[in-house]
Amino acid sequence: MTDYRKLDPIRRSAEPLQLDLVESYMTGRLTRGDFVRRGTVLGLSLGTLGALLSACGGASGSSNSAATGIGGGGGGNVKVKQGGTLRVASIAPAGPLDPVAMVDLASYAVVAQCYEFLCYSGSDLKLTPGIAESWKPNADGSQWTFKIRQGVKWQDGTPFSTDDIVATMERMVAGGNSGLTGVIESGSVTAPDAGTVVFNLPSPNGNLPYLVSSDNPQTVITPKDFAAGSLVDKVPNGTGPWKLQSYDAKTGATYVRNESWWGGKTPLDKVEWTFFQDLQPQVVALQSGQSDAIVQFTVLGGEGLLSSSKISVIRLQSAAHREIWMRVDKGQFTDKRVRQALGYSLDRKAMIQSLFKGYSDLGNDNPFAPVYPFTDTSVPQRQRDVAKAKQLMSAAGVSNLSATLHAVKLQEIPDLAVLVKSGAADAGFNLNVSVEDAGPFYGKSWCPTQPKDPPCSGDAELGIVDYGHRGVPDIFLNAALSTKGVWNSAQYHNPAYDAALKAYQGSVGVDAQKAAAGKIETMLLEDSPTLFPYFYNYLSAHSKQFANIEATAIGHMFLAKAGRV
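Fair warning: this is a prediction, and the values are worked out from it, not measured in the lab.

A. A look at the overall build of the protein chain. For the protein chain, the helix and strand inventory stands at 17 helices and 24 strands. For 565 residues, the compact-globule formula gives about 24 Å, and the C-alpha radius of gyration of the protein chain, at 23 Å, lands near that figure. Counting only C-alpha atoms and orienting by the principal axes, one finds that the protein chain spans roughly 65 × 55 × 45 Å. Relative to its full complement of 565 residues, the protein chain shows a buried share of 59%.

So this is what it looks like as structure tokens:
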């Protein structure tokens, strides 16, 4: 039963978008979990959300949650010992540690040990404070105001200021390598005083806090005078809990405690990262005790970790996925019927079983994963249909299409490429699989730095690239699929899609978001510039000798509260 004596005072002080959220929950259009997650995006504190749940007749369950984000110590609550070193096994970063230009999960994790975000997106999709203590939108989501934490210092001893945030966002606009393209413009972000940053958007956006959180790794806050193109290992600084002591791109990194961190003293003295080129040595290192944690592993090759009594496994349902792109501007995939045919040739259920033993959700050739509350599940799921694939190929006047399928040498992707090749053969595709190391794949086949216009115009007309999890699909929709998107390897260009994306970004209410999602899902199934076979569960692991290790499905491992039990 709703307790209006508790509810009404909160509603009177709420913003219009927050009121829409409360009404959606009260009328049963949102689950309890989705209500809490969406509430954190709109700036409702966990205490307020707990009070709302209590007033609506449910246990609060949220009011005692940590007040700071993952990077700020919002992880586990197990009592741990002071001192010691944690040894982490990780794949090697694919390129230089340029916080604006980085594109791979390994780089994200390494950089985020030292540098922090305005807010943090947790494994449960809830947003928690970081450099920003709180935030709220105006009536239509076209302006967002962030209150900034005071007393923060850079690791070189200089005071942190709101000017650092403004300068970071200007670099985001200039670099174009994030989901903020088209969301903010030069001059959009201002600092009216020492404790406030305001985002004045060219059009409403209901998900902005996610886009300046750990879910958008390029938005780590760097100093005002941080020059574009600088590498964080060459000019190490940051505001985070760890200071970079040494770094070698091939072998690893060492971090020591930042004694002046605003979040307090970390239990651990030091963290050592060891880089590997392949998964199996990482698994062996953890099993043998040479490492204490592994950032990410897969079911194939990691079975021993799943069954070990000495290992704690973190399993997260996520939007992490593999994207199969086809160039729509030139080559053999310009006819959408050919692209649709390849989509119908995929045996998604077999992929999930053979690659993940079921630890995955089906993909429907769009970025709206089942984990998102506004995904429109009424859009029909694309199934394997070889007869239809052949019919589409015949209608397009194509038979025995031969092409090279480029795949990065990462986790299960080479095995996925083989399954794509096998299934496609039944529909008349003759695919040659080319498995490539990260450097040449990302820098040549997928998204080379040149030409800049159009961006992401790689050599490959067909390939498989990895995408880490995000709390909302905005970055996938924008960077990977919008016209001249910085990661648009398909070179997809459809004005109707761009308009639908703009409508989705401006859909700040719950019902409006779902309606906009359904329109995009249907459009992408029709055009099929990219295929999304599955959204896999993210797996991380660590020795049970350690606790309070926080992993997120975009590749981050936050260790501010980690320690030996």
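B. Molecular detail of the pattern of salt bridges. Counting across every chain of the model gives 14 salt bridges. Between Arg149 and Glu133 there is a salt bridge, and its shortest N-O distance comes to 3.6 Å. Of this pair, Arg149 sits in the loop between strand E5 (143–148) and helix H6 (162–175) while Glu133 sits in strand E4 (residues 132–137), and the two are 16 residues apart along the sequence. For Glu133, a relative accessible area of 42% corresponds to the partly exposed category.

C. Region of the structure containing helix H11 (residues 348–356). Taken as a whole, H11 has its buried residues at Arg348, Met351, Ile352, Leu355 and Phe356. Here the buried residues of H11 occupy an arc of 95 degrees about the axis, which is enough to place them on one side. Where H11 is buried, its residues contact helix H9 (299–307), helix H10 (336–345), strand E14 (360–362), helix H13 (413–425) and strand E19 (534–536). Phi for Lys357, located one or two positions after H11, is positive at around 55 degrees.

D. Expanded view of the packing of aromatic side chains. In total, this model carries 20 aromatic pairs according to the counting rule given. Counting every residue linked through ring pairs, the aromatic cluster contains Trp325, Phe441, Tyr442 and Trp446. A cation over a ring is seen here: Arg149 above Trp262, with NZ or CZ 4.1 Å from the ring centre. For the cation-ring pair, Arg382 lies above Tyr344, with the distance from its terminal atom to the ring centre recorded as 4.7 Å.

E. Representation of the packing of H11 against H13. Contact pair H11 / H13: the axes reach a minimum separation of 11 Å and the direction vectors enclose 150 degrees. By the angle between their axes, H11 is roughly antiparallel relative to H13. The hand of the H11/H13 crossing is right-handed. In contact with Met351, Ser354 and Leu355 of H11, H13 contributes Asp415, Leu416, Leu419 and Val420. Here the residues of the contact of H11 with H13 sort into 5 nonpolar, 1 polar and 1 charged.

F. Looking closely at the environment of Gly176. Within the element layout of this structure, Gly176 appears in the loop between H6 and strand E6 (189–193). Each C-alpha atom of the pair Gly176 and Gly485 lies 8.6 Å from the other, and the pair is 309 residues apart in sequence. Gly176 has contacts with Thr181 and Val486, leaving out every residue within four places of it along the chain.

G. Broad picture of empty space enclosed by the protein. Taken as a whole and assessed by the stated rule, the structure comprises 6 cavities of 30 Å³ or more. By volume, the largest cavity is sized at about 90 Å³. Every residue lining the largest cavity is listed: Val103, Asp104, Leu105, Tyr108, Tyr442, Trp446, Val465, Asp466, Tyr467, Gly468, Arg470 and Trp487. Where the lining of the largest cavity is concerned, the elements lending two or more residues are helix H5 (105–111), helix H14 (438–446) and strand E17 (462–467). If you tally residues by element for the lining of the largest cavity, the top one is E17, at 3 residues.

H. Focus on the packing of H10 against helix H12 (residues 386–395). Packing of H10 against H12 brings their axes to within 8 Å, and their N-to-C directions diverge by 165 degrees. The orientation of H10 relative to H12 falls into the category roughly antiparallel. As for the relative orientation of H10 and H12, their crossing is left-handed in sense. The residues of H12 that touch H10, namely those facing Arg337, Val338, Gln340, Ala341 and Tyr344, are Val386, Lys388, Ala389, Leu392, Met393 and Ala395. Partitioned by chemical class, the residues of the contact of H10 with H12 number 8 nonpolar, 1 polar and 2 charged.

I. How the structure looks around the nonpolar core. Grouped together as the largest cluster of nonpolar side chains are 159 residues, with contacts concentrated most on Leu118, Phe146, Met169, Phe199, Trp273, Phe429 and Trp446. Here the element with the most residues in this core is helix H17 (residues 510–527); it accounts for 6 residues. Within the second largest apolar cluster, 10 residues are counted, among which are Leu279, Phe297, Val299 and Leu305.

J. Representation of the environment of Ala191 within the structure. Relative to the helices and strands, Ala191 resides in strand E6. Taking C-alpha positions, Ala191 is 6.0 Å from Thr162, a pair spaced 29 residues apart along the chain. Excluding residues that lie within four positions of it along the chain, Ala191 makes contacts with Thr162, Val166 and Thr196.

K. Spatial organisation of H10. Taken across its 10 residues, H10 has 8 buried, putting it largely inside the fold. Every buried residue of H10 is listed here: Val338, Arg339, Gln340, Ala341, Leu342, Gly343, Tyr344 and Ser345.

L. Highlighting the sheet that holds strand E7 (residues 196–200). Read from one edge of the open sheet, 4 strands run E4-E5-E7-E6, paired in antiparallel fashion. In this open sheet, the two edge strands, each paired with only one partner strand, are E4 and E6. Neighbour-to-neighbour, the strand axes of this sheet turn through a mean angle of 25 degrees, independent of strand direction. Sheet topology note: the E4/E5 ladder contains 5 bridges and is antiparallel. Residue pairing in the sheet places Trp135 in a bridge with Phe146 of E5.

Conventions adopted
- Residues numbered from 1 in each chain as written.
- Predicted model: local features only at pLDDT ≥ 70, side-chain atom pairs only at ≥ 80, totals over all residues.
- Heavy atoms only, no water.
- Helix = DSSP H or I, 4+ residues; strand = E, 2+ residues; numbered from the N terminus.
- Rg over C-alpha atoms; globule rule 2.2 N^0.38 Å.
- Buried < 20%, exposed > 50% of the residue type's maximum accessible area, 1.4 Å probe, protein only.
- Salt bridge = Lys/Arg side-chain N within 4 Å of Asp/Glu carboxyl O.
- Arc of directions from axis to C-beta.
- Contact = heavy atoms within 4.5 Å.
- Phe/Tyr/Trp six-rings, centres within 6.5 Å; stacked < 30°, edge-to-face > 60°.
- Lys NZ or Arg CZ within 6 Å of the ring centre and 35° of its normal.
- Axes fitted to C-alpha atoms, helices over the stretch in contact; angles between N-to-C directions.
- Parallel < 35°, antiparallel > 145°, perpendicular 65-115°, else oblique.
- Left-handed = near helix turned anticlockwise from the far one by under 90°.
- Nonpolar A, V, L, I, M, F, W, Y, C, P; charged D, E, K, R; others polar.
- 1 Å grid on protein atoms, 1.4 Å probe; cavity = no way out; pocket = protein on both sides within 12 Å on 5 of 7 lines; lining within 4 Å.
- Points joined across faces, edges and corners; volume = space filled by probe spheres on them.
- Core = buried A, V, L, I, M, F, W, Y, C linked by side-chain atoms within 4.5 Å.
- Pairing = 2+ DSSP bridges.

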